[in-house]
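Here are the chains, one letter per residue:
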Amino acid sequence: MYRQHTLIDSPYGPLTLVATDGVLSGLYMTEQRHRPPEETFGDRDAGPFDATISQLEAYFAGELTEFDLPMRLDGTPFQRTVWQQLRLIPYGETRTYGQLATALGKPNASRAVGLANGKNPIGVIVPCHRVIGAGGSLTGYGGGLDRKQRLLAFEGATPTATNADALF
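This text gives an overview of the structure that appears in the document. Since this is a predicted model, take the numbers as computed values, not measurements.

Each value, and the rule that gives it
Residues numbered from 1 in each chain as written. Predicted model: local features only at pLDDT ≥ 70, side-chain atom pairs only at ≥ 80, totals over all residues. Heavy atoms only, no water. Helix = DSSP H or I, 4+ residues; strand = E, 2+ residues; numbered from the N terminus. Rg over C-alpha atoms; globule rule 2.2 N^0.38 Å. Buried < 20%, exposed > 50% of the residue type's maximum accessible area, 1.4 Å probe, protein only. Contact = heavy atoms within 4.5 Å. Pairing = 2+ DSSP bridges. Arc of directions from axis to C-beta. Axes fitted to C-alpha atoms, helices over the stretch in contact; angles between N-to-C directions. Salt bridge = Lys/Arg side-chain N within 4 Å of Asp/Glu carboxyl O. Core = buried A, V, L, I, M, F, W, Y, C linked by side-chain atoms within 4.5 Å.

1. Looking at the overall build of the protein
Regarding its fold elements, the protein presents six helices and six strands. Along the protein, helices (α) and strands (β) appear in the sequence β-β-β-β-α-α-β-α-α-β-α-α when read from the amino end. The C-alpha atoms of the protein give 15 Å as radius of gyration, which agrees with the globular expectation for 168 residues (15 Å, within 12%). Considering only C-alpha atoms, the protein reaches an extent of 45 × 35 × 25 Å along its principal axes. For the protein, buried positions account for 46% of its 168 residues. Put simply, 63% of the contacts in the protein that link residues at least 6 apart link residues at least 24 apart.

In structure tokens form, the structure reads like this:
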């Protein structure tokens, strides 16, 4: 398992991109909760990140609403299932933890969904920022609530119960 990383600037501060065997496996913000130690990121080399950087630049410019990148999401089977559900939340929309749990066929698992959401290793691209609390409240975000609020505002998402009522 060979790891590489690079740093890029974004409107939300520096982002660390990590690749495992040439495939994107991490996107971390500074001071992010559950951020792995720097020494696990491997050699600094921007080589494997051309497509990721290009798509992130287009996203931050408001020109891209859906990422199309190969990714390696390392986690438990339940976490990977939650992360796959996150990718189904359309740009500019939100879902509640309860709605995600229901979509997974586990309507009583909203807390477990929240824990998996918080451990998402590829923030922004796997849009965990689009998940809100019941009634539209902004709750936990590994990159900080300020960044979550700014990302949702950037996408034009209104974190309220009205647009969170739609199921997948």
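2. Quick look at the pairing of strand S3 (residues 23–29)
With six of seven residues buried, S3 lies mostly within the body of the structure. In this structure, strand S2 (residues 15–20) lies alongside S3, joined through six bridges in antiparallel fashion. Bridge pairing in S3 links Ala 19 to Leu 24. Turn length for the S2-S3 hairpin, with the two strands adjacent in sequence and antiparallel, is two residues, and the turn residue Asp 21 shows positive phi of about 50 degrees.

3. Describing helix H5 (residues 145–155)
Considered for burial, the residues of H5 that qualify are Arg 147, Lys 148, Leu 151, Leu 152 and Glu 155. Across the axial projection of H5, the buried residues extend over an arc of 130 degrees, all falling on one side. Buried residues along H5 sit against S3, helix H1 (50–60), helix H3 (97–103) and strand S6 (131–132). Trailing H5 by a residue or two, Gly 156 shows a phi angle of about 80 degrees, which is positive.

4. Some thoughts on the sheet that holds strand S4 (residues 43–44)
The four strands are arranged S3-S2-S1-S4 in an open sheet whose pairing can be described as mixed. With partners counted over all chains shown, the strands left at the sheet margins are S3 and S4, one partner each. Sheet contacts for H1: strand S1 (3–8), S2 and S3; angle to S2, the most-contacted strand, approximately 145 degrees.

5. Section: helix H4 (residues 110–118)
For H4, the full list of buried residues reads Val 113, Ala 116 and Asn 117. Along H4, the residues classed as buried sweep out an arc of 100 degrees about the axis, all on the same side. Of the exposed residues in H4, those oriented more than 90 degrees away from the buried face are Arg 111 and Leu 115.

6. Observations concerning the pattern of salt bridges
For side chains of opposite charge, pairing can occur when their charged atoms come near one another. All told, the structure shown has six salt bridges when counted by the stated rule. Close ionic contact of Arg 150 with Asp 146 constitutes a salt bridge, the shortest N to O distance being 3.8 Å. Remark: Asp 146 and Arg 150 occur in helix H5; sequence separation between them is four residues, near one turn of the helix. Given a relative accessible area of 49%, Asp 146 falls into the partly exposed group. One connected set of salt bridges, linked through shared partners, spans Asp 21, Arg 72 and Asp 74.

7. Some details on the nonpolar core
With 38 residues, the main nonpolar core has Leu 56 and Ile 125 as its most contacted residues. Mapped onto this core, the elements with two or more residues apiece are S2, S3, H1, helix H2 (77–86), H3 and H4. Sort the elements by how many residues they give to this core and H1 lands first, with five residues. Excluding residues within four positions of it along the chain, Ile 125 makes contact with Leu 24, Leu 27, Thr 52, Leu 56, Phe 67, Leu 69 and Met 71.

8. Thoughts on the pairing of S1
Note on strand geometry: in a regular strand, side chains alternate between the two faces of the sheet. Across six bridges, S1 lies against S2 in antiparallel orientation. Of the residues in S2, the one forming a bridge with Gln 4 is Ala 19. Joining the antiparallel neighbours S1 and S2 is a turn of six residues, in which Gly 13 adopts a positive phi near 100 degrees. Sheet topology note: the S1/S4 ladder contains two bridges and is parallel. Its bridge partner lying in S4, Gln 4 is registered against Asp 43.

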